[in-house]
Amino acid sequence: MSLRPIITIGHKTLAAKSAPVTVIDDGVRTLARDMIETLHAAPGLGLSAPQVNVSVRLIVLDLSIGENPDDLIIMINPEITSQEGQIIREEGCLSVPEVFEKVTRPQKVTVQGLDLEGKERVLEARDLLARVFCHEIDHLDGKLFVDRLSPLKRSLIRKKFRKAAAAKP
Ligand code: NI
């Protein structure tokens with residue numbers, strides 16, 4: 001297992017649509033393990049493969065941040081098949097450091113995908129878990145949470161990160 005660098009806003013992989021996983025091989029299993037380690041080290045509640053610069057549809061979630069193995073979810077090719085309700089809550093992202101903004105998300109979602117053994121899984125998620133699923137699946141479609149803010153807020157945040165990148169030696 002190894003930690004992988006998390007790329008940040010402005011990197012082109014974060015804006016790209018990720019490809020479905022077609023074969024669950026050692027590469028995918030290693031990627032999943034590395035992503036879990038990277039997520040726990042960050043620490044964060046969820047991580048998508050594009051955030052470690054791999055453009056495939058794989059996400060890991062762990063609301064317990066490594067405290068409870070039952071909370072760890074690895075999902076391949078996840079899809080939201082139904083959603084209900086709306087909750088507005090502050091959200092952040094490991095790829096958009098130090099920015100927290102209110103985002104509207106469904107209160108409840110049904111998510112369908114594959115586990116690491118290739119078995120189909122259907123999960124119902126509510127509240128924070130539903131939010132993390134939506135956030136991570138957005139990453140697979142090249143969308144960051146800031147893309148769900150008003151155009152003004154979004155452009156201010158993007159400008160701030162472009163300035164920071166330009167200031168780097
Ligand atoms: Ni994120």
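Our subject is the structure that appears above.
Quick caveat, the model's predicted, so the values are computed rather than measured. (Residues numbered from 1 in each chain as written. Predicted model: local features only at pLDDT ≥ 70, side-chain atom pairs only at ≥ 80, totals over all residues. Heavy atoms only, no water.)

A. Representation of the side chain of H135 within the structure. Within the secondary structure layout, H135 lies in helix 2 (residues 127-140). Within polar-contact distance, the side chain of H135 engages the side chain of E91 at 2.7 Å. In contact with H135, not counting residues within four places along its chain, are E91, G92, C93, R105 and F145. (Helix = DSSP H or I, 4+ residues; strand = E, 2+ residues; numbered from the N terminus. Polar contact = N/O pair within 3.5 Å; in protein donor to acceptor, adjacent residues only side chain to side chain. Contact = heavy atoms within 4.5 Å.)

B. Layout of the sheet that holds strand 1 (residues 46-48). The sheet built from five strands is open, its strands ordered 1-2-3-6-7 with antiparallel pairing. Two strands close off the open sheet at either side, each with one partner strand: strand 1 and strand 7 (120-126). Each adjacent strand pair in this sheet contributes to an overall mean axis angle of 40°, direction not counted. Judged from the three bridges that link them, strand 1 and strand 2 (residues 58-62) form a sheet pairing that is antiparallel. (Pairing = 2+ DSSP bridges. Axes fitted to C-alpha atoms, helices over the stretch in contact; angles between N-to-C directions.)

C. Structural context of the environment of G85. With respect to the helices and strands, the residue G85 is situated in the loop between strand 3 (72-84) and strand 4 (87-93). When near neighbours in sequence (up to four residues on either side) are disregarded, G85 contacts R105, P106 and Q107.

D. Molecular detail of helix 1 (residues 26-41). In this model, helix 1 (16 residues) spans 22 Å end to end at C-alpha, consistent with the 22 Å of a helix rising 1.5 Å per residue. Buried within helix 1 are the following residues: V28, L31, A32, D34, M35, I36, T38 and L39. If you check the start of helix 1, you find a side-chain oxygen 3.2 Å away from the backbone N of G27, and it comes from D25. (Expected span 1.5 Å × (residues − 1). Buried < 20%, exposed > 50% of the residue type's maximum accessible area, 1.4 Å probe, protein only.)

E. Looking closely at the pairing of strand 5 (residues 96-105). Across six bridges, strand 4 lies against strand 5 in antiparallel orientation. Its bridge partner being in strand 5, C93 is matched across the sheet by V96.

F. Layout of unusual backbone geometry. With an omega dihedral of -15°, the bond running from A42 to P43 counts as a cis peptide bond. By the secondary structure assignment, P43 is in the loop between helix 1 and strand 1. Although it is not a glycine, I65 adopts a positive phi angle of roughly 45°. One non-glycine residue, D127, adopts positive backbone phi at about 50°.

G. Representation of the environment of T13 within the structure. Tracing the backbone through its elements, the reader meets T13 in the segment before helix 1. On the accessibility criterion, T13 (12% relative accessible area) is buried.

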